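# Observations on the model geometry
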Amino acid sequence: MALRLLFGARVILSVYLFLPYLVVYGQHVGLDFATLMLVEAIFAILVVLIDLPAGHLADRIGPRQALIIGACSEAVASLLLGLMPRAETFWLTQPFFAVAAALCGGADSALTAGLLVRSHRGDEFENVERAYYRVILVVGAVGMVTSAPLAALSLQAPFLATGALQLVAVGLLLFVPNVPSRATLDDASISLRQQFHGL
């Protein structure tokens, strides 16, 4: 059951209904193409800067908590863009997206591997990952088609829908057990992990 919930959460977290309309949305709120490229460059720099401390944090709190915090950060960013369509919001949300990218990158696979090993099914990891990538290709295509009527309704709607989906994924992850990392097991100082244990 835990693996199915995690699989579903991973698929949902791969859906970004706003992606086809990101540039149009940016121009809608008053950003020209050059500024949009600058924003994307800043996002990339933030990911690089945040990646190391985020990885250290993920090692302490475990992959499940890292996924939950990352998904919440992404949901906040998506909902802010949907609820407050302004140029300032576009800039404000970049750190949230960067934190999400840094925390979620690899945490989903690590949690999948940990759950499989815990169930004595570690040799199934590659098959599970292949199935996951096949599914997200289909779901991604469906998401692109679905985003069209949402964008026709409002350019904010794909952001709101994406944020809502990410919160659904968080809900699923709450029922998935955590798998402590090796760093957590080897480190006697676990106060930070305990702080997030109730998530």
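Residues numbered from 1 in each chain as written. Predicted model: local features only at pLDDT ≥ 70, side-chain atom pairs only at ≥ 80, totals over all residues. Heavy atoms only, no water.

### Looking at the layout of surface pockets
What counts is decided by this rule: We place a 1 Å grid over just the protein atoms. Points where a 1.4 Å probe fits but has no way out form a cavity, open points with protein on both sides within 12 Å along at least 5 of 7 lines form a pocket, and any residue with an atom within 4 Å of a point lines it. Grid points are joined across faces, edges and corners, and a volume is the space filled by probe spheres set on the points. A helix here means a DSSP run of H or I that spans at least four residues, while a strand means a run of E at least two residues long, and both kinds are numbered starting from the N terminus. Side-chain classes are defined by residue name, with Ala, Val, Leu, Ile, Met, Phe, Trp, Tyr, Cys and Pro counting as nonpolar, Asp, Glu, Lys and Arg as charged, and the others, Gly among them, as polar.
The volume enclosed by the largest pocket comes to roughly 440 Å³. Considering the residues around the largest pocket, the lining is formed by 23 residues, among which Tyr16, Phe43, Glu74, Phe97 and Ala101 are closest to the centre. Elements with a contribution of two residues or more to the lining of the largest pocket: α1 (2-13), α3 (33-61), α4 (63-83) and α6 (94-104). No other element matches the 5 residues that α6 contributes to the lining of the largest pocket. Among the residues making up the lining of the largest pocket, the classes are represented as 14 nonpolar, 5 polar and 4 charged. When its volume is computed, the second largest pocket comes out at roughly 160 Å³. Taken together, 13 residues form the lining of the second largest pocket, with Ala58, Asp59, Gly105, Gly106 and Ala107 sitting closest to its centre. Of all the secondary structure elements, the ones that give two or more residues to the lining of the second largest pocket are α3, α6 and α7 (107-118). Per element, the largest residue contribution to the lining of the second largest pocket is 4 residues, and it comes from α3.

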